[in-house]
Amino acid sequence: MNVLVVPSWYPGTSDSLLGIYHKEFTSAISKKVDANMLFINKYGIKDIFKYLFTKRKQVIKEDGYNVYIYKMLDLSKISVSLGMNMYKRALERSYKDYIKDNKVPDIIHAEVTLPAGYGCAYIGKKYNIPVIVTEHSSNYYQYFKGDNKEFGAYTIKNTLFSTVSEYMKKELSLNRCEVIPNIVDINTFNKKRYKRTPTLRLVVVAGFRNGKNLNDVIDAVNLLVKRGIDVHLDMVGDGYLMPYLKEMVDNYELNKYVTFLGRKTKEEVAEILSCNDIYIIASDTETFCIPGIEALASGTVIVSTRCKGPEEYIDSSCGKFYKAHDIEDMCDKIIEVYKSLDKYDLKHLRSVAEKYSMDNVSNKAISIYESMLKGKNKAH
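Residues numbered from 1 in each chain as written. Predicted model: local features only at pLDDT ≥ 70, side-chain atom pairs only at ≥ 80, totals over all residues. Heavy atoms only, no water.

*Asks:* Break down the side chain of Thr163 for me, citing the residues and quoting the values.
*Replies:* Tracing the backbone through its elements, the reader meets Thr163 in strand β7 (residues 160–163). Residue classification places Thr163 among the buried residues on the basis of a relative accessible area of 0%. Residues contacting Thr163, with those up to four places away along its chain left out, are Thr134, Glu135, Met168, Lys169, Leu172, Cys177, Glu178, Val179 and Ile180. (Helix = DSSP H or I, 4+ residues; strand = E, 2+ residues; numbered from the N terminus. Buried < 20%, exposed > 50% of the residue type's maximum accessible area, 1.4 Å probe, protein only. Contact = heavy atoms within 4.5 Å.)

Structure below.
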């Protein structure tokens with residue numbers, strides 16, 4: 001079987017971590033089928049000179065597969081319709097160039113509805129190739145309304161749709177929709193746990209942006225300190241809210257209780273998680289929340305809001321839920337979990353995470369591909 005993965009985002013272009021899960025997924029399936037990735041790198045008008053002096057085509061060798069990167073000028077800020085049609089044409093040109101040196105794919109797997117899902121839906125229909133789209137974005141609904149509506153509708157009509165969580169599947173209410181969760185490199189996070197100390201150690205791994213509600217976590221630390229709790233918070237990540245969050249810490253005089261660690265590699269995150277007691281998820285909505293699974297894989301208990309995706313893997317055996325934006329409730333649940341840490345089974349936490357391992361998720365994806373190919377053969 002030959003699979004071509006087409007992501008809407010790819011790390012190392014505008015953001016070194018954006019879409020890292022697409023790489024990990026392609027790496028996982030490439031161990032079981034022939035797979036490559038094709039990415040259209042979009043340059044806006046403000047990057048016109050960068051666009052002009054960038055190679056038309058780049059080939060990057062990854063772990064078990066190749067990434068073919070082609071460039072295009074993105075005019076979607078002028079018109080969504082113009083941008084989508086330009087992407088569709090750029091993808092078709094790139095696809096024709098790709099198959100000069102590679103086999104015609106049996107399956108095309110697009111990551112995210114727009115633009116990749118739409119472009120692949122067009123390619124699949126024109127060249128008679130089954131296409132599956134996996135939606136990752138917590139703002140997925142934006143692809144099915146307003147100026148995007150016709151393109152989202154075309155994508156759903158001409159592909160097999162899938163999501164990374166059951167809640168997204170239910171909300172979309174499609175006649176047929178699969179669930180292919182994000183992959184987590186479980187083995188990397190299977191570290192030896194640190195020896196507990198009297199300090200209550202909390203950790204978050206997130207983008208410092210709206211919706212993650214990291215200000216609530218800092219508010220909680222402030223309240224815990226006022227309650228006389230010996231506590232420390234590690235904050236891993238960065239983003240446009242970093243200055244605001246640091247100002248909060250300064251104003252509360254919490255500098256000795258909160259450490260901003262910045263972005264870290266996967267291996268570094270694994271070490272950090274293994275040295276903390278409780279992982280905090282404060283988001284309004286998460287489609288999946290990969291760091292939550294990484295926390296369980298590391299044996300770290302979770303205190304979380306009921307934010308959709310994580311509710312599929314968090315229950316009373318893995319931690320507790322609190323009411324979003326209720327700082328008192330967050331602190332109460334943190335303390336309850338901390339007092340009962342010895343009652344949580346490390347092996348069970350890691351077994352929950354195992355469902356999202358490279359092997360399990362890639363097997364599920366390949367099983368879906370096989371069903372799609374059987375359906376195509378029956379149609380002929």
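*Asks:* I'd like a description of the packing of helix α4 (residues 113–127) against helix α5 (residues 149–157), backed by residues and values.
*Replies:* For the pair α4 and α5, interaxial distance at closest approach is 9 Å and the crossing angle is 50°. The angle between α4 and α5 falls in the class oblique. Pair α4 / α5 crosses with left-handed handedness. Judged by residue contacts, Thr113, Leu114, Gly117, Tyr118, Ala121, Tyr122 and Lys125 of α4 engage Phe151, Gly152, Tyr154 and Thr155 from α5. Class assignment for the residues of the contact of α4 with α5 results in six nonpolar, four polar and one charged. (Axes fitted to C-alpha atoms, helices over the stretch in contact; angles between N-to-C directions. Parallel < 35°, antiparallel > 145°, perpendicular 65-115°, else oblique. Left-handed = near helix turned anticlockwise from the far one by under 90°. Nonpolar A, V, L, I, M, F, W, Y, C, P; charged D, E, K, R; others polar.)

*Asks:* Can you tell me about the packing of aromatic side chains, naming the residues and giving the values?
*Replies:* Inspection of every chain in the model, using the stated rule, returns twelve aromatic pairs. Judged by centre distance (6.3 Å) and plane angle (70°), the rings of Phe208 and Phe260 are edge-to-face. Linking Phe208 in the loop between β9 (200–205) and α7 (214–226) with Phe260 in strand β11 (residues 258–262), this pair joins segments that are 52 residues apart in sequence. Each member of the aromatic cluster is reached from another via a ring pair, and the members are Tyr118, Phe151 and Tyr154. The ring centre of Tyr51 lies 4.5 Å from the NZ or CZ of Lys71, which sits over that ring. Cation over ring: Lys88 sits above Tyr122, and NZ or CZ is 4.6 Å from the ring centre. (Phe/Tyr/Trp six-rings, centres within 6.5 Å; stacked < 30°, edge-to-face > 60°. Lys NZ or Arg CZ within 6 Å of the ring centre and 35° of its normal.)

*Asks:* Outline the pairing of β9, supporting the account with residue identities and numerical values.
*Replies:* The two faces of the sheet receive side chains in turn, since in a regular strand these alternate between them. Judged by how many residues are buried, β9 sits mostly within the fold: five of six residues are covered. In this sheet, strand β10 (residues 231–236) lies alongside β9 in parallel orientation, the contact comprising six bridges. Pairing of Val203 across the sheet is with Asp234, part of β10. Chirality of the crossover, the property in question, places the unit of β9, α7 and β10 among those that are right-handed. One ladder, built from two bridges, connects β9 with strand β12 (residues 278–281); its direction is parallel. Bridging from a neighbouring strand, Val203 pairs with Tyr279 of β12. (Pairing = 2+ DSSP bridges. Right-handed = clockwise from strand over helix to strand, strands pointing away.)

*Asks:* Outline the nonpolar core, listing residues and values.
*Replies:* Of all hydrophobic cores here, the largest spans 100 residues; its most connected members are Val6, Leu202, Met235, Ile278, Ile280, Tyr313 and Ile334. Ignoring anything within four residues of it in the chain, the contact list for Tyr313 reads Ile281, Phe288, Cys289, Gly292, Ile293, Leu296, Ile302, Cys318, Val352 and Tyr356. With 25 residues, the next largest nonpolar core counts Phe25, Ile183, Ile366 and Met372 among its residues. (Core = buried A, V, L, I, M, F, W, Y, C linked by side-chain atoms within 4.5 Å.)

*Asks:* I'd love a proper account of the sheet that holds strand β8 (residues 177–179), names of residues and values included.
*Replies:* An order of β3-β4-β2-β1-β5-β6-β7-β8 is seen for the eight strands of this open sheet, with the pairing classed as mixed. The open sheet has two free edges, formed respectively by β3 (57–61) and β8, since each of these has just one partner strand. The average angle at which neighbouring strand axes cross in this sheet is 25°, direction not considered. Relative to β8, β7 runs parallel, the two sharing three bridges.

*Asks:* Just give me the short version of a nonpolar patch on the surface, but keep the residues and values in it.
*Replies:* Together, Phe49, Leu52 and Phe53 make up an exposed nonpolar region whose accessible area comes to about 420 Å². For Leu52, the position within the fold is in helix α2 (residues 48–52). (Patch = residues over 30% accessible without salt bridge, like charges linked within 9 Å, V, L, I, M, F, W, Y side chains within 5 Å. Areas by Shrake-Rupley, 256 points an atom, 1.4 Å probe, with all protein chains shown as cover. Salt bridge = Lys/Arg side-chain N within 4 Å of Asp/Glu carboxyl O.)

*Asks:* Tell me what's going on with the pairing of strand β5 (residues 107–111), and back it up with residues and numbers.
*Replies:* Of all five residues making up β5, five are buried, and the element is well covered by its neighbours. Taking every second residue as pointing to the same face, both faces of β5 are buried, with Ile107, His109 and Glu111 on one and Ile108 and Ala110 on the other. As judged from the five bridges shared by strand β1 (residues 2–7) and β5, these two strands associate in the parallel manner. Paired with Val5 across the two strands is His109, which belongs to β5. Note: β5 against strand β6 (residues 131–135), four bridges, orientation parallel. Bridge assignment links Glu111 to a residue of β6, and that residue is Thr134.

*Asks:* Could you give an account of helix α3 (residues 80–101), naming the residues involved and the relevant values?
*Replies:* The terminal C-alpha atoms of α3 lie 32 Å apart, and with 22 residues this matches the ideal 32 Å at 1.5 Å per residue to within 8%. Restricting attention to buried positions, one finds in α3 the residues Gly83, Met84, Met86, Tyr87, Lys88, Ala90, Leu91, Glu92, Ser94, Tyr95, Asp97 and Tyr98. Two or three places before Ser81, at the start of α3, stands the capping residue Ser79, its side-chain oxygen 3.4 Å from that residue's backbone nitrogen. (Expected span 1.5 Å × (residues − 1). Polar contact = N/O pair within 3.5 Å; in protein donor to acceptor, adjacent residues only side chain to side chain.)

*Asks:* How would you explain the side chain of Ser362 if you had to name every residue and give the values?
*Replies:* Structurally, Ser362 is set in helix α13 (residues 358–379). Within the local environment of Ser362, its side chain forms a polar contact with the backbone oxygen of Asp359, the two atoms lying 3.1 Å apart.

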